[in-house]
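Structural overview
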Amino acid sequence: MAPGLGAMEEKPAAATKHTTICLGSMASGLREVYESGRTKDMEWRQSQLRGLISLLTDNEEEIFDVLHEDLGKHRGEAFRDELGILVKSIKYTLQNLKKWMAPEKAEAPLVAFPATAMVVPEPLGVVLIFSCWNLPLGLALEPLSGALAAGNAIVLKPSELAPATAAFLAANIPKYLDSSAVKVVLGGPNVGEELMEHRWDKVLFTGSARVGRIIMTKAAKHLTPVALELGSKCPCIVDWLDGKRDRQIAVNRIIGAKWSTCAGQACIAIDHILVEEKFAPILIELLKSTLKRFMAEPGGMARILNEKHFQRLSAYLEDSNVASSVVHGGYMDRKTLRIEPTILLNPPVDSDIMTEEIFGPLLPIITVQIDYNHLHLHLQIN
């Protein structure tokens with residue numbers, strides 16, 4: 001989920017016009033920088049990537065602080081999911097940049113003989129990046145590093161729902177990167193809408209399908225290509241639990257994929273589990289015992305983003321049929337916005353928790369019955 005582009009708040013006409021003019025002037029300035037050819041130079045690209053690495057390594061403690069302020073992230077989680085992986089990724093890009101920029105030979109049709117053909121990588125131009133709140137550093141600087149490596153000029157719009165991280169990026173990016181070619185724009189949904197009124201050569205957006213539709217609609221006006229990374233219901237299918245070691249490995253991976261990244265507030269997190277009925281008791285007991293070991297330290301898991309998202313998650317359990325399916329956890333602390341890992345067994349499939357993306361630390365387990373004889377016959381027939 002990322003910054004929304006909902007209805008623009010009512011503002012004085014002059015103020016809105018002034019903001020639009022400022023953004024338009026900024027976009028025009030970035031295009032001039034790009035068309036000057038400066039961003040295409042390999043040395044410029046390398047210097048920007050080195051600047052990003054310095055930004056991350058010089059400000060490690062402050063990064064831990066802002067991620068904890070916005071989301072209650074533990075230092076270990078912040079390093080694993082954002083800071084550490086970013087440094088590793090950017091170093092990898094630096095190591096391979098020269099190879100990626102090099103033209104590649106291509107086959108030319110016989111009619112073009114004796115000409116030769118080459119595929120030459122070229123930057124797109126001026127790129128707009130909307131980052132999200134659940135990985136507010138990682139999903140801001142990862143696409144930024146890719147756009148820089150490709151030789152583009154860039155506007156980064158951090159999520160207003162992670163204000164400490166957004167302020168950190170706005171304050172530090174101009175210190176480490178070319179401020180004439182890389183801009184950070186802060187603001188809420190109205191600023192996002194105004195940005196989309198201008199022409200970009202590519203838009204990168206991470207967030208919800210609802211806002212993704214708005215981005216696509218506005219981008220179509222300028223025929224702007226868009227890369228959308230959206231959320232959905234992500235099932236985990238457990239079709240076999242055989243052997244003590246394999247069972248534990250499976251459970252460790254399930255817990256890591258569900259709860260370790262931002263308390264399940266991630267598009268790649270497991271949304272629910274489908275498991276054969278006879279394996280469900282074993283799976284649930286292993287999940288319970290392993291959670292006690294993994295989550296022994298208080299504050300080891302991130303908190304829920306804000307009161308609105310806390311209320312959305314708690315509302316799932318207000319349905320008595322859903323609440324009765326809880327087999328582990330369920331404790332919620334509204335004051336600290338923390339919800340403990342919660343396991344539900346066979347909540348109604350037509351309930352909100354099973355029809356909407358959960359995006360939190362609640363894990364429904366749905367059991368299924370498999371008729372292996374029928375399956376065997378079906379496979380033989382086909």
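Residues numbered from 1 in each chain as written. Predicted model: local features only at pLDDT ≥ 70, side-chain atom pairs only at ≥ 80, totals over all residues. Heavy atoms only, no water.

In the nomenclature of an unreviewed UniProt entry, the protein corresponds to Aldehyde dehydrogenase domain-containing protein from the organism Zizania palustris. Its UniProt record gives the protein the following Sequence similarities (unreviewed entry) comment, quoted word for word: "Belongs to the aldehyde dehydrogenase family." (UniProt positions renumbered as here; feature names shortened; annotations may be inferred.)

**Structural notes on the overall build of the protein**
Each helix and strand in the protein was counted, giving 14 helices and 14 strands. Principal axes of the C-alpha set define a box for the protein whose edges measure 65 × 65 × 40 Å. The buried share of the protein, reckoned over its 382 residues, is 46%. Considering only residue pairs separated by 6 or more positions, the protein has 73% of its internal contacts joining residues 24 or more positions apart. Here the protein displays about 19000 Å² of accessible surface, and carbon together with sulfur accounts for 57% of that area. (Helix = DSSP H or I, 4+ residues; strand = E, 2+ residues; numbered from the N terminus. Buried < 20%, exposed > 50% of the residue type's maximum accessible area, 1.4 Å probe, protein only. Contact = heavy atoms within 4.5 Å. Areas by Shrake-Rupley, 256 points an atom, 1.4 Å probe, with all protein chains shown as cover.)

**Quick word on the sheet that holds strand 10 (residues 326-328)**
Taking strand neighbours across the sheet as the criterion, the five strands line up as 8-9-14-13-10 in an open arrangement whose pairing is mixed. Each edge of the sheet is formed by a strand with only one pairing partner; in this case those strands are strand 8 (235-238) and strand 10. With direction set aside, neighbouring strand axes in the sheet form an average angle of 30°. Sheet topology places strand 10 next to strand 13 (residues 342-345); two bridges connect them, and they run antiparallel. Looking at strand 13, one finds that His328 is bridged to Ile343. Helix-sheet contacts for helix 9 (residues 244-259) involve strand 8, strand 9 (272-276), strand 13 and strand 14 (362-368), and the interaxial angle to strand 14 is about 135°. (Pairing = 2+ DSSP bridges. Axes fitted to C-alpha atoms, helices over the stretch in contact; angles between N-to-C directions.)

**Focus: a negative patch on the surface**
A cluster of acidic side chains, namely Asp319, Asp350, Asp352 and Glu356, defines a negative patch on the protein surface. Mapped onto the elements, Asp352 comes out in helix 13 (residues 352-355). Residue Asp352 is classed as partly exposed on the basis of its relative accessible area of 46%. (Patch = residues over 30% accessible without salt bridge, like charges linked within 9 Å, V, L, I, M, F, W, Y side chains within 5 Å. Salt bridge = Lys/Arg side-chain N within 4 Å of Asp/Glu carboxyl O. Lys, Arg positive; Asp, Glu negative; His and termini not counted. Charge placed at Lys NZ, Arg CZ, Asp CG, Glu CD.)

**What to know about the pattern of salt bridges**
Applying the stated criterion across every chain yields a total of 14 salt bridges. For Glu197, the salt bridge identified is with Lys218, shortest N-O distance 2.9 Å. Placement of Glu197 in the loop between helix 7 (189-195) and strand 6 (202-207) and of Lys218 in helix 8 (residues 209-220) is noted, with a sequence separation of 21 residues between them. The partner of Glu285 in a salt bridge is Lys288, and the shortest N-O contact between them spans 3.7 Å.

**Let's talk about the environment of Leu317**
Mapped onto the fold, Leu317 is located in the loop between helix 11 (307-316) and helix 12 (320-323). Taking relative accessible area as the criterion, Leu317 reaches 14% and is therefore assigned buried. The sequence separation of Leu317 and Ile273 amounts to 44 residues, and the corresponding C-alpha distance is 18 Å. Setting aside chain neighbours within four positions, we find Leu317 in contact with Val322, Ala323, Val326, Met332 and Leu344.

**Let's talk about the packing of helix 3 (residues 60-71) against helix 4 (residues 75-101)**
A pair of packed helices is captured by two measures, namely the crossing angle of their axes and the spacing between those axes. In contact at an axis separation of 10 Å, helix 3 and helix 4 are set at 105° when each is read in the N-to-C sense. Our classification of the angle between helix 3 and helix 4 gives roughly perpendicular. Across the interface between the two elements, Glu60, Glu61, Ile63, Phe64 and Leu67 of helix 3 pack against Arg75, Ala78, Phe79, Glu82 and Leu83 of helix 4. For the contact of helix 3 with helix 4, the class distribution of residues is six nonpolar, no polar and four charged. (Parallel < 35°, antiparallel > 145°, perpendicular 65-115°, else oblique. Nonpolar A, V, L, I, M, F, W, Y, C, P; charged D, E, K, R; others polar.)

**Things to note about the pairing of strand 6**
When strand 3 (residues 126-130) meets strand 6, the two strands line up parallel, connected through four bridges. Bridge assignment links Leu128 to a residue of strand 6, and that residue is Val203. Relative to strand 7 (residues 226-230), strand 6 runs parallel, the two sharing five bridges. Residue pairing for strand 7: Thr206 is matched across the bridge by Glu229. Once you follow strand 6 into helix 8 and on to strand 7, the crossover reads as right-handed. (Right-handed = clockwise from strand over helix to strand, strands pointing away.)

**Examining the sheet that holds strand 7**
Strands sit in the order 5-4-3-6-7 across an open sheet of five strands; the sheet is parallel. Strands with a single pairing partner mark the edges of an open sheet, and in this sheet they are strand 5 (182-184) and strand 7. Across this sheet, the average inter-strand angle for adjacent strands is 10°, counted without regard to direction. In the packing of helix 5 (residues 138-149) onto the sheet, contacts are made with strand 3, strand 4 (153-157), strand 5 and strand 6, and the angle to strand 4 comes to roughly 170°. Here helix 6 (residues 163-176) sits on the sheet and contacts strand 4 and strand 5; the angle it forms with strand 5, its principal contact strand, is near 155°.

**Quick word on the environment of His222**
One can find His222 in the loop between helix 8 and strand 7. For the pair His222 and Asp239, spaced 17 residues apart in the sequence, the C-alpha separation amounts to 47 Å. In contact with His222, other than residues within four places in its own chain, are Met196, Glu197, His198 and Arg199.

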